[in-house]
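Summary of structural features
Below, each chain spelled out in residue letters.
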Amino acid sequence: MCIRDRYTTGKGASAVGLTANVHKDPQTREWTLEGGALVLADKGICLIDEFDKMNEHDRTSIHEAMEQQSISISKAGIVANLQARCAIIAAANPVKGRYDSQLSFMDNVDLTDPILSRFDILCVVKDEVDPDVDFQLATFVLNSHIKNHPNNKNKEGVKFLEDIETTHRTNNTISQDLLKKFILYARQYVKPRLSEINKDKLTKFYQELREESRNSGGFNVSIRHFESIIRMAEAHAKMYLREYVRDDDIDLAISVMLESFIQSQKFSVAKIIKKKFSKYIRVREDTNSLLLHILGRLVRDQIQYCLLYTSDAADDLLCVDLGGRRLIKQKK
């Protein structure tokens, strides 16, 4: 989806490998300058896996690139300023192997404040047990193996396993080529401007969030996060090909920033903060998906009740399909 992308891991990356390296050419015997992963991913995306496994010195080397979008080099008589205008997506593992909701984000991940403050969004991905999500994930993996099998490539009529979400979303999906063209067009030609927005709401939210971060803990909110809200609002406006940033773009950016801040807190503190900042949380959701999820949960509860308290309930159950989901109801 981008022009350039680079992938690296924490153990396999060093400071010079991420930024730039100066070495002597073996043939000409002259000093040459070579760009690292961040320089090669200019105007693209740099993916860093196992971010917590990197040395502290190596992580410190990318501070300038994440804040100034450039890398300064002054070695062996070579003075240069290299462009590193890329987005960085980093993944890190918890210290104890599993994320503990009773601890804050800082206690779960071995990362310092200076590096965390340079990320726009912090996402906590938990491995929670959910029958529907587990079924979808297992079906997707099996279908991927079936599709990529050498005997099934370039063949029609290959049977895939039924996905409970595929039928429900088929009419709303677009091809990957069209999505790529849309993103490239938006990045190149759409430059939304900040004009008619609620500036008082934006500044008041920043003041309240900064005050809350000082009292409750979590990551420290700084002026970088205020700039992150503006960047996210502009990115959301780009998705709709708008010339100006509207209030709903600002509301979405505030909601994302607030959710990132809440996830970095302890579970007990997060509930209090979520209630306190409830007016800033965006509540626009797909009601059809929510109602379908509630209906499925009610049906499963009724099935469990029948199986527990009715001896012949298993013989009176019928499997039906409702809106692309497998449900079970009692025979009449």
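Residues numbered from 1 in each chain as written. Predicted model: local features only at pLDDT ≥ 70, side-chain atom pairs only at ≥ 80, totals over all residues. Heavy atoms only, no water.

**A few points about the packing of helix α11 (residues 223–239) against helix α12 (residues 247–263)**
Relative orientation of the contacting elements α11 and α12 amounts to 130°, with a least axis distance of 8 Å. The angle between the axes of α11 and α12 places the two elements in the oblique class. When you trace α11 past α12, the crossing you get is right-handed. Between α11, through His225, Ser228, Ile229, Met232, Ala233, His236 and Ala237, and α12, the contact on the second element is made entirely by Asp249, Ile250, Leu252, Ala253, Ile254, Val256 and Met257. Looking at the contact of α11 with α12 residue by residue, the class counts come to 10 nonpolar, 3 polar and 1 charged. (Axes fitted to C-alpha atoms, helices over the stretch in contact; angles between N-to-C directions. Helix = DSSP H or I, 4+ residues; strand = E, 2+ residues; numbered from the N terminus. Parallel < 35°, antiparallel > 145°, perpendicular 65-115°, else oblique. Left-handed = near helix turned anticlockwise from the far one by under 90°. Contact = heavy atoms within 4.5 Å. Nonpolar A, V, L, I, M, F, W, Y, C, P; charged D, E, K, R; others polar.)

**Thoughts on the environment of Lys201**
Among the secondary structure elements, Lys201 is positioned in helix α10 (residues 199–216). When the C-alpha atoms of Lys201 and Ile250 are compared, they prove to be 9.3 Å apart, with 49 residues separating the residues in sequence. Leave out the neighbours within four places in its chain, and Lys201 touches Asp251 and Tyr280.

**A short note on the sheet that holds strand β7 (residues 87–90)**
Taken in spatial order, the 3 strands of this open sheet run β1-β4-β7, and their pairing is parallel. Of all strands in the sheet, those bounded by a partner on one side alone are β1 (5–9) and β7. Between one strand axis and the next, the sheet turns by 15° as a mean value, whatever way the strands run. Pairing of β1 with strand β4 (residues 45–49) involves 5 bridges; the strand directions are parallel. Across the sheet, the residue bridging to Arg6 is Cys46, located in β4. (Pairing = 2+ DSSP bridges.)

**Here's the deal with the pattern of salt bridges**
Inspection of the entire model under this criterion finds 13 salt bridges. Between Asp52 and Lys53 there is a salt bridge, and its shortest N-O distance comes to 3.0 Å. Note that Asp249 and Arg242 form a salt bridge whose closest N and O atoms lie 2.5 Å from each other. Overall, the relative accessible area of 0% leaves Asp249 in the buried class. Counted as one network, the salt bridges with shared partners bring together Arg242, Arg246, Asp248 and Asp249. (Salt bridge = Lys/Arg side-chain N within 4 Å of Asp/Glu carboxyl O. Buried < 20%, exposed > 50% of the residue type's maximum accessible area, 1.4 Å probe, protein only.)

**Details of α10**
Relative to the 26 Å expected for 18 residues at 1.5 Å per residue, α10 spans 26 Å between its end C-alpha atoms, a close match to the ideal helical length. Within α10, the full set of buried residues consists of Leu202, Phe205, Tyr206, Leu209, Glu212 and Ser213. Down the axis of α10, the buried set is contained in an arc of 135°. They therefore lie on one face. Facing away from the buried side of α10 by more than 90 degrees, the exposed set consists of Asp200, Gln207, Arg214 and Asn215. For α10, the secondary structure elements touched by its buried residues are α11, α12 and α13 (267–276). (Expected span 1.5 Å × (residues − 1). Arc of directions from axis to C-beta.)

**A short note on the pairing of strand β5 (residues 70–75)**
The pairing of β5 with strand β6 (residues 78–83) spans 6 bridges and is antiparallel. What sits directly across from Ser74, in β6, is Val79. Hairpin geometry of β5 and β6 is characterised by an intervening segment of 2 residues between the two adjacent antiparallel strands and by a positive phi of about 50° at Ala76.

**A short note on a nonpolar patch on the surface**
Together, Ile174, Leu178, Leu179, Phe182, Tyr185, Tyr189 and Leu241 make up an exposed nonpolar region whose accessible area comes to about 680 Å². The residue Phe182 is located in helix α9 (residues 176–189) in this model. (Patch = residues over 30% accessible without salt bridge, like charges linked within 9 Å, V, L, I, M, F, W, Y side chains within 5 Å. Areas by Shrake-Rupley, 256 points an atom, 1.4 Å probe, with all protein chains shown as cover.)

**Some thoughts on the pairing of strand β2 (residues 20–24)**
Across a regular strand the side chains alternate sides, sitting on one face of the sheet and then on the other. Direction of pairing for β2 relative to strand β3 (residues 31–35): antiparallel, over a ladder of 5 bridges. By the bridge assignment, Lys24 is partnered in β3 with Trp31. Counting the residues between successive antiparallel strands, the hairpin from β2 to β3 contains 6 residues, one of them, Arg29, with a positive phi of roughly 60°.

**Side note on α11**
Helix length check: α11, at 17 residues, gives a terminal C-alpha distance of 25 Å against a target of 24 Å (1.5 Å per residue), a fit within 8%. Regarding α11, the residues found buried are His225, Phe226, Ser228, Ile229, Met232, Ala233, His236 and Ala237. Where α11 is buried, its residues meet α10, β9 (244–245) and α12.

**A closer look at the confidence of the model for the protein chain**
Chain-level statistics for the protein chain give a pLDDT mean of 80 and a share of 83% at 70 or above. Counting interchain partners and residues more than four positions distant, the pLDDT-below-50 stretch residues 313–332 has 43 contacts. (pLDDT = per-residue confidence, 0-100.)

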